[in-house]
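Residues per chain are reported as follows:
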There are 4 protein chains.
Amino acid sequence: MRTIHAAKHDERRAQILAAAERCFARRGFHGASIAQICKEAKISPGHLYHYFGSKEEMITAIAESGLVYTQARVKQFTESKTDAVSATVSELENLRDAQRRAGPGVLLDILAEAARDPQVGGILQDASKGMRLLLATFFEEAQKGGDIDPDLDPQMSAAIFISLIDAGKALTVRYPDLDMDRFGKTMETMLRRFLSRQN
Amino acid sequence: MRTIHAAKHDERRAQILAAAERCFARRGFHGASIAQICKEAKISPGHLYHYFGSKEEMITAIAESGLVYTQARVKQFTESKTDAVSATVSELENLRDAQRRAGPGVLLDILAEAARDPQVGGILQDASKGMRLLLATFFEEAQKGGDIDPDLDPQMSAAIFISLIDAGKALTVRYPDLDMDRFGKTMETMLRRFLSRQN
Amino acid sequence: MRTIHAAKHDERRAQILAAAERCFARRGFHGASIAQICKEAKISPGHLYHYFGSKEEMITAIAESGLVYTQARVKQFTESKTDAVSATVSELENLRDAQRRAGPGVLLDILAEAARDPQVGGILQDASKGMRLLLATFFEEAQKGGDIDPDLDPQMSAAIFISLIDAGKALTVRYPDLDMDRFGKTMETMLRRFLSRQN
Amino acid sequence: MRTIHAAKHDERRAQILAAAERCFARRGFHGASIAQICKEAKISPGHLYHYFGSKEEMITAIAESGLVYTQARVKQFTESKTDAVSATVSELENLRDAQRRAGPGVLLDILAEAARDPQVGGILQDASKGMRLLLATFFEEAQKGGDIDPDLDPQMSAAIFISLIDAGKALTVRYPDLDMDRFGKTMETMLRRFLSRQN
DNA sequence: GATGAATGAGACTTCATTCAT
DNA sequence: CATGAATGAAGTCTCATTCAT
């Protein structure tokens, strides 16, 4: 019984968070108001504060959930059985499709906010550290397996890869009409040349 | 006489803009208030509105000037006499130093804002288009000169390069303690392998 | 339950509107400030905007209610069973008393505002059209009944009558010390001669 | 020399006043701003305060000049050589044309403002008193000459006539599409019957 | 759990007016 | 005479948050 209540609570909380994320994506963290979120989530302001103690708390929750999502994708990517470079390419495909579906979303806002809000900054940095660990390990394994160049610095390569995800978001803002297929091919070229064992 | 007035006006306007940029970098476009900007610029709110018709106008002015600055750096880079890859590397050095001096600045906020505000979006896209043109031309020349791989798609390579600038900004937020020297070396490796003529 | 809420809401709204009308009568639509209205209505500015979306909305609401009140009086007047001229005279008495009780009120402000604000203009014109219809019908009936001159143009006579209401308002401003009894007598003379069947 | 200066000064002052009147007609006394008036008069705010000590001073000056204009028309009307009733009718024609040319103008604003601002109120009341004197004398003369009914109260008849001018302004706001010719005929009827010697 | 009334500080902006040149 | 820089209070309205029901 207690559990059922808690589950319902969590579900509602997630719904609110999803509504908030839509608002934040539309207007930014400071541009979106509690009132708008309430309307989007079909909830009263008084009630919303039963689920979140403050707007800041919603922002950090969204930062966390957004980053968890990316982290999950990266994790999945690092567990793929294909060779490293091909996995990278397919991840780029996924990224491209996700962009098309979800619009720019909230990642750029998280990055901007993380640069000034230590709370959000901490969350982002923890998630980033985790992702880098995953990727660096993945690269090291691939180096041992001979898939990618053993001379590369795995830590730094991982950092580059992660920042390329961010850059992908920025790219759709800079060039909304970019031919993503052509771009994907060139990006693939870069990554293949970068990672491949040199001879 | 007219000129002296106009010059003073422009100078004051630039001072206010600089103050506003500091505030925006600290708090974000929507987090920073006119009152804070006024205090930073040592000006009264009434007077500020003699120079800018609205806060939005200040934001777009800052977006423009910030992008002009980056564009100027790219232009300088494309005019360098050294070979393409070396120029790229030195540009990365500059970027790293600029980051260290100026903090994260306002670029991430521009990117986030451009995704929702069509005005800012237009400014960003125009500037991006200009930069891509510069870079693509630069790459084409370098391809003719034999410095870089003639099989590369210059348009897309230029887009990737611009992405790397954004990626650099994101990186400093994700990994504030990153060893930039090690990172620079790996980035240099990636670019050399990407651009070099294949054999 | 729903009804009780809505009723309380409407009641509070009406209270605020009454307070606003007092302020507007004292200072004019643009001279009265939201802060003054809030003080008069004993309400916080934030809360006031739960009841009215803007100051403009309050102005139009007051224009409507003020005109509805006058319209109701005219309606009552046109339904009176006495002969037309006597009804007119008694209406003038009422008007005179209402002036004395309520001060100049807000009608002159509505007229002035209606000349520039299309929203208020529309409200005034709709109400005026309605009143003219009532009066013209009343006059036509009285013409058929032989009470007033059948040669008169009922539409235009109605317009004149409405003008006389406005004229009354203006008069109290121009001549605050006017002997209203003497004035009433002369006005009565004018109306009797105007409306009476000629022989 | 002194005189020439003073004349220029007065002329400029009148120009500014005319510009202010246009602004006030468009936006109302409190809705129009000094900045707008400055733009309309092509003058700087600093300079405007060489001609008028405050906005209030401009309002009273406009009230005065506007009323002087009406007063002059009334004076001219009372000096006409035709019989009283015909003079009244022609005045109504003039009024109608003036309305059409100048729009609603500023009279309704003066009336509304006079109801609360004692300064404007005083000006209006003085002017009204003067006009009433003119008209009452005119009526008395006409009564002696047998043109109009000697039983009428000249003071009150004058008051009625003056308030009909105000009502005319209001009428164009209430009924912008009113057939003025038909209205004029009915008004003429009313005045003729009112003023004519009864038998 | 759920509502929406209520707050008051603070948001952006405009105001009438003064001052230095 | 003339400008426009400069002020700071006050304008309307929105905000995140709390409270009574």
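The structure presented is a predicted model; accordingly, all values stated were derived computationally and were not measured.

Colleague: Help me understand the packing of helix α6 (residues 107–114) of chain C against helix α8 (residues 154–174) of chain D, please; the structure alone is not making it clear to me.
Modeller: If you want to describe how two helices pack, look at the angle between their axes and the distance between the axes. With their axes 9 Å apart at the nearest point, α6 of chain C and α8 of chain D run at an angle of 55 degrees to one another. Between α6 of chain C and α8 of chain D, the interaxial angle falls into the category oblique. The chirality of how α6 of chain C crosses α8 of chain D is left-handed. Two secondary-structure elements touch here, α6 of chain C through L107, L111 and A114 of chain C and α8 of chain D through A170, V173 and R174 of chain D. Here the contact of α6 of chain C with α8 of chain D is composed, by residue class, of five nonpolar, no polar and one charged.

Colleague: Is there a simple way to explain the relation of the copies chain D and chain C in this structure?
Modeller: Of the transformation superimposing chain D on chain C, the axial component is 0.1 Å and the angular component is 180 degrees, with the fit at an RMSD of 0.2 Å. Seen this way, the second copy is the image of the first under a two-fold rotation axis. Closest approach to the rotation axis among the C-alpha atoms of chain D is made by A167 of chain D, whose C-alpha sits 2.4 Å away. Looking at the interface residues of chain D, 100% of them are also at the interface in chain C, so both copies use one shared face.

Colleague: When you look at the domain arrangement of chain A in this model, what are you seeing that I'm missing?
Modeller: Accessible area lost upon the coming together of the parts serves often as the stated size of an interface. All names here are of chain A. The domain architecture assigned to chain A consists of domain 1 (1–53) and domain 2 (55–195). Each of domain 1 and domain 2 has a C-alpha centre, and the two are 28 Å apart. On the domain 2 side, the residues contacting the 17 residues of domain 1 number twelve residues. Carbon and sulfur atoms make up 72% of the surface buried where domain 1 meets domain 2, a total of about 1400 Å² over both sides. Looking only at domain 1, the three residues that lose the most surface to domain 2 are E21, F24 and F29, adding up to 43% of its buried area. The dominant element in the side of domain 1 that touches domain 2, judged by the number of residues it contributes, is helix α1 (residues 2–27), at seven residues.

Colleague: Just checking my understanding: could you explain the interface of chain B and chain A for this structure?
Modeller: At the junction of the two partners, chain B supplies 52 residues and chain A supplies 53 residues. Both sides together, the interface formed by chain B and chain A hides about 4500 Å², and carbon and sulfur atoms give 66% of it. Summed over the three residues of chain B that lose the most area to chain A, namely R174, Y175 and R193 of chain B, the buried surface amounts to 18% of that side. If you look at where chain B meets chain A, you find eight salt bridges. Note that R193 of chain B and D149 of chain A form a salt bridge whose closest N and O atoms lie 2.5 Å from each other. Viewed at the interface, chain A and chain B are joined by 16 residue pairs in polar contact (both at pLDDT 80 or more). Going through the elements one at a time, α1 (2–27), α6 (107–114), α7 (118–145), α8 (154–174) and α9 (180–195) of chain B are the ones with two or more residues in the side of chain B that touches chain A. The leading source of residues in the side of chain B that touches chain A is α8 of chain B, at 14 residues. Looking at the side of chain B that touches chain A residue by residue, the class counts come to 27 nonpolar, twelve polar and 13 charged.

Colleague: Is there a simple way to explain the layout of surface pockets in this structure?
Modeller: It is a probe the size of a water molecule, rolled over the atoms, that shows where empty space is left. Residues and elements named next belong to chain A. Considering only enclosed or pocket space, the largest pocket measures out at about 550 Å³ in volume. What lines the largest pocket is a set of 24 residues, among which E21, G66, Y69, A102 and K169 lie closest to the centre. Those elements that provide at least two residues to the lining of the largest pocket are α1, α4 (55–78), α5 (84–102), α6 (107–114) and α8 (154–174). For the lining of the largest pocket, the residue count by class is 13 nonpolar, six polar and five charged. Per-domain counts for the lining of the largest pocket show at least three residues from each of domain 1 (1–53) and domain 2 (55–195).

Thresholds, definitions, all that
- Residues numbered from 1 in each chain as written.
- Chains lettered and ligands numbered in written order.
- Predicted model: local features only at pLDDT ≥ 70, side-chain atom pairs only at ≥ 80, totals over all residues.
- Heavy atoms only, no water.
- Axes fitted to C-alpha atoms, helices over the stretch in contact; angles between N-to-C directions.
- Helix = DSSP H or I, 4+ residues; strand = E, 2+ residues; numbered from the N terminus.
- Parallel < 35°, antiparallel > 145°, perpendicular 65-115°, else oblique.
- Left-handed = near helix turned anticlockwise from the far one by under 90°.
- Contact = heavy atoms within 4.5 Å.
- Nonpolar A, V, L, I, M, F, W, Y, C, P; charged D, E, K, R; others polar.
- Least-squares fit on C-alpha atoms with pLDDT ≥ 70 in both.
- Domains from an automatic or database assignment.
- Buried area = accessible area lost by both parts, 1.4 Å probe.
- Salt bridge = Lys/Arg side-chain N within 4 Å of Asp/Glu carboxyl O.
- Polar contact = N/O pair within 3.5 Å; in protein donor to acceptor, adjacent residues only side chain to side chain.
- 1 Å grid on protein atoms, 1.4 Å probe; cavity = no way out; pocket = protein on both sides within 12 Å on 5 of 7 lines; lining within 4 Å.
- Points joined across faces, edges and corners; volume = space filled by probe spheres on them.

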